[in-house]
Amino acid sequence: MTTDPETTETASRPGEPADEAGTVAGTAEGSPDPGAADGSDPAEDTDGGESAAAPGGEEAPARGDGGEPAQMSEAEAELAAQRVERERIERRKAEKKGPIEAGGKLTGTAADLLAAVRAVESGEKPSAFSEPAPAPRRPSAPEPVRRTQPEAPPLAAAPAAEAVSAVRAVLAEGGAPDALAPQVTAVLGEGAEARLRTDPWQLLRVSGVRPEHADGFARALLGAECRPDDERRARAVTVWLLEQAALAGHTTLEVPALEAALAQRSVPDPEAAVRSTIAEGEALVFQDALETGAPGGEEEDEERPVRVLVGLERYALAEESLADGLARLINSVPKDNGAAEEWERAARSAHGSAAELIRAVSGHGLVLHTGGEASHVEPATLLGAACALGMRAWAATHNPVGRDLFAALLAGLDLPEAPPEGTHPAPVTVGGLLSGTEGPGRDADGALDLDLLIVLDAPQLDVEAAALLTESLPDGARLVLSGDPGVLWSAGPGRVFADLLAARVCPQIASRTPDPGPLGELVSAIGAGELPQVDAPGKEVVIVPVRDAGEAVHRTVQLVADSVPRAIGVPAEETQVITPGHGGAAGTRALNAALKERLNPGPGRFGGFDPGDRIAYSPAPGRTLPGRVVKADAEGLHLECSGTAVVVPKERVEQSVRLGWALTAHQAVGLRWRAVVVVLPGDAAGALTRPWVYTAFGRASRHLSVVHGVEQALPRAVAEVPAKPRTTRLPVLLGPQVAAVG
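Scope of this entry: the structure provided in the associated data block. None of these values were measured; they are calculated from a predicted model.

## A word on the sheet that holds strand 7 (residues 452–455)
In spatial order, the strands read 6-5-7-8-4-9; together these six strands make up an open sheet with parallel pairing. The outermost strands of the open sheet, each flanked by one partner alone, are strand 6 (428–429) and strand 9 (508–510). Examined bridge by bridge, strand 4 (residues 366–370) and strand 9 share three bridges and lie parallel to one another. The residue of strand 9 that forms the bridge with leucine 368 is glutamine 508.

Below, the structure written as structure tokens:
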């Protein structure tokens, strides 16, 4: 590695000391302690919650691409399809006759919480709390209810002007910004004005509103009746904390953590707040055994250690639905596979890990495949083999860029042709597959019309998308989840891929295909917790020490606009800047402003954008598409994203479009560029984790420059700071339904 792409000075190790650097506020991933959250948008100043919220600090609702209302974009169709899935999950919950399923006897707080749930399910608010009888978990996954049509429901209509006006008056009366009126009306629905007057803390349901904001609003409306021990406030803050936890990746929270967070938010009686929230049906409670009893039921009457968790229905039940769907796939593959000989012949024609993957898929409904960028050749080989066997096989990626890269890989491989058409199905995106805009469509039962689905970028699947995808697969279909376990986890709640790897309920094939060259060597070592000095004779890796944030911005612009194009041969339009956060003196905002001034100066005629600007478009929460501004007119801002024309209505531009010369690592997951400049100013030290560094450094295919001002924080993060934990239930839910493998 060298210290500048235009010099041949002595190589410098990434972890070597550097001078004092500048500032970037924030932390890496959302904290597992919801009490640490201040309620601000996690996407704004840090990388941790970036993809959990829209760029403008508001949760991105379904929105169009500027076309006619009847023509929904892929993102809109996917979000609408997810709403259908949530409705199905709600119906499934309503069909349950007993209390939330659990195992083992409980006492104390745990028993109180379960009693509250039992009372809610019976239609009564509990007046006292007593220990419920345990309910056994069902022995197997039920057959899912299939959707019989692939079309998504129409998008929700905009709130009526009269309703918005009434809400605006209440907001003004309480001292809240009247600009929130449309969002408040949409979130609270019919009677929003009356709901706000009756319970001012309902304002907390609006994205971006913090408890202190809602408290001030309530004081203005209620006067002397506003008290810190108000039960309405306690419930609203509890739900808000669970929403913040979801933004940080948790599907549920343990009760002690939730109560501690409530205490930090000045809730006088956290335990009562949790009970009240559950009693009103605004959250669900679960108990998970921490260890399994001996077989045969001899220890059933003995108390077993459990953890009691509380979660929002949306995410908790999606996780249960996902577990049921995965168990169905695992258990539904025919044991008597008549095509075993054909599969074996296909495996013998492949090599190494690809052969192992083919053999695993031949007899299992769920298979996990792990590896870096170079390992994509293995699922590509599997896809070719399955098509040659006459299977309806498809591959899906996280975003259009990954889809195009995988299509190019398929085109360059010598794969057997698929009868009878003689061509392989083109890769699709997960969103396009679920919405029906890409892929095979659905059969008469509403299931995807396929036999094998290979999902790349699997670590980016959150519980809702994974549940919808799994429920959409027919019985007997095979699902392969392939991805790099070292990258940042999904933007939405859950850690599906990591949980499945830990649960060991299906075959796991680890690729032995290494990423090539000095960049591959560096990234592989980072994944193992090391930051070595690598030999980079072609200036594949360059370290640029900086003293402060101003110098970091200056050197970054110089690298992108001048040094990398001249010394490395990669033009500015193929070079991407990655930094830990949006805020601060060297965050994405500051870097994008400086890069725009150098590369595409202009007055920002439409919402701060000009034709030719590089942008990052977020069509849905957790989705970032790189693109360029084409023009702006009365319809909105016209973009080009991966060869697709997109029109963003002007009212959505601020919330869904950012300048895109500089991104966060979360925005960059699943994307690749020939050259990448990673900016690490001094105050970014606390934001660094091993997955963040692994993800950021791994986005480059030809050249990596590191603008380095964090001194020893970089090697320390790689060696000592793993991914921050997330509280999830998937392994516990899968355990009783499927047997462990290996």
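## Looking at the sheet that holds strand 3 (residues 306–311)
Read across the open sheet, the three strands follow the order 1-3-2; overall the sheet is antiparallel. Because the sheet does not close on itself, it has two edges, and the strands there are strand 1 (253–254) and strand 2 (284–289). Here strand 2 pairs with strand 3 via six bridges, running antiparallel. Of the residues in strand 3, the one forming a bridge with phenylalanine 286 is leucine 309.

## Focus on the pattern of salt bridges
Under the criterion given, the structure shown has 35 salt bridges. Between arginine 547 and glutamate 551 there is a salt bridge whose closest N-O contact spans 3.6 Å. The class of arginine 547 is partly exposed, set by a relative accessible area of 49%. Of the residues examined, glutamate 551 reaches a relative accessible area of 17% and is grouped as buried.

## Points about empty space enclosed by the protein
One pass over the full model with this rule turns up eight cavities of 30 Å³ or more. Computed from the structure, the largest cavity encloses a volume of approximately 130 Å³. If you go around the largest cavity, you meet 13 residues; those closest to its centre are Glu373, Asp457, Asp484, Val487 and Arg699. The space that makes up the second largest cavity amounts to roughly 110 Å³. Lining the second largest cavity are 13 residues, and of these His398, Gln460, Gly622, His666 and Val669 lie nearest its centre.

## Some words on the environment of alanine 586
You can see alanine 586 is positioned in the loop between strand 11 (575–578) and helix 21 (588–599). Overall, alanine 586 belongs to the buried group, its relative accessible area being 0%. Sequence spacing of alanine 586 and threonine 556 is 30 residues, and the spatial spacing of their C-alpha atoms is 9.7 Å.

## A look at the nonpolar core
Ranked by size, the top nonpolar core spans 46 residues in total, and within it Leu171, Val184, Leu196, Phe217, Leu258, Leu262 and Val310 carry the most contacts. For this core, the secondary-structure elements that each account for two or more residues are helix 4 (161–173), helix 5 (181–188), helix 6 (192–198), helix 7 (211–222), helix 8 (231–247), helix 9 (255–264), helix 10 (270–279) and strand 3. Here this core takes nine residues from helix 8, the largest share from any one element. Not counting chain neighbours up to four residues away, the residues in contact with leucine 171 comprise Ala176, Pro177, Asp178, Leu180, Ala181, Val184, Leu196, Leu203 and Phe217. With 42 residues, the next largest nonpolar core counts Leu368, Val430, Leu461 and Leu473 among its residues.

The rules behind each value
Residues numbered from 1 in each chain as written. Predicted model: local features only at pLDDT ≥ 70, side-chain atom pairs only at ≥ 80, totals over all residues. Heavy atoms only, no water. Pairing = 2+ DSSP bridges. Helix = DSSP H or I, 4+ residues; strand = E, 2+ residues; numbered from the N terminus. Salt bridge = Lys/Arg side-chain N within 4 Å of Asp/Glu carboxyl O. Buried < 20%, exposed > 50% of the residue type's maximum accessible area, 1.4 Å probe, protein only. 1 Å grid on protein atoms, 1.4 Å probe; cavity = no way out; pocket = protein on both sides within 12 Å on 5 of 7 lines; lining within 4 Å. Points joined across faces, edges and corners; volume = space filled by probe spheres on them. Core = buried A, V, L, I, M, F, W, Y, C linked by side-chain atoms within 4.5 Å. Contact = heavy atoms within 4.5 Å.

Functional significance is not addressed by these values, which are geometric in nature.
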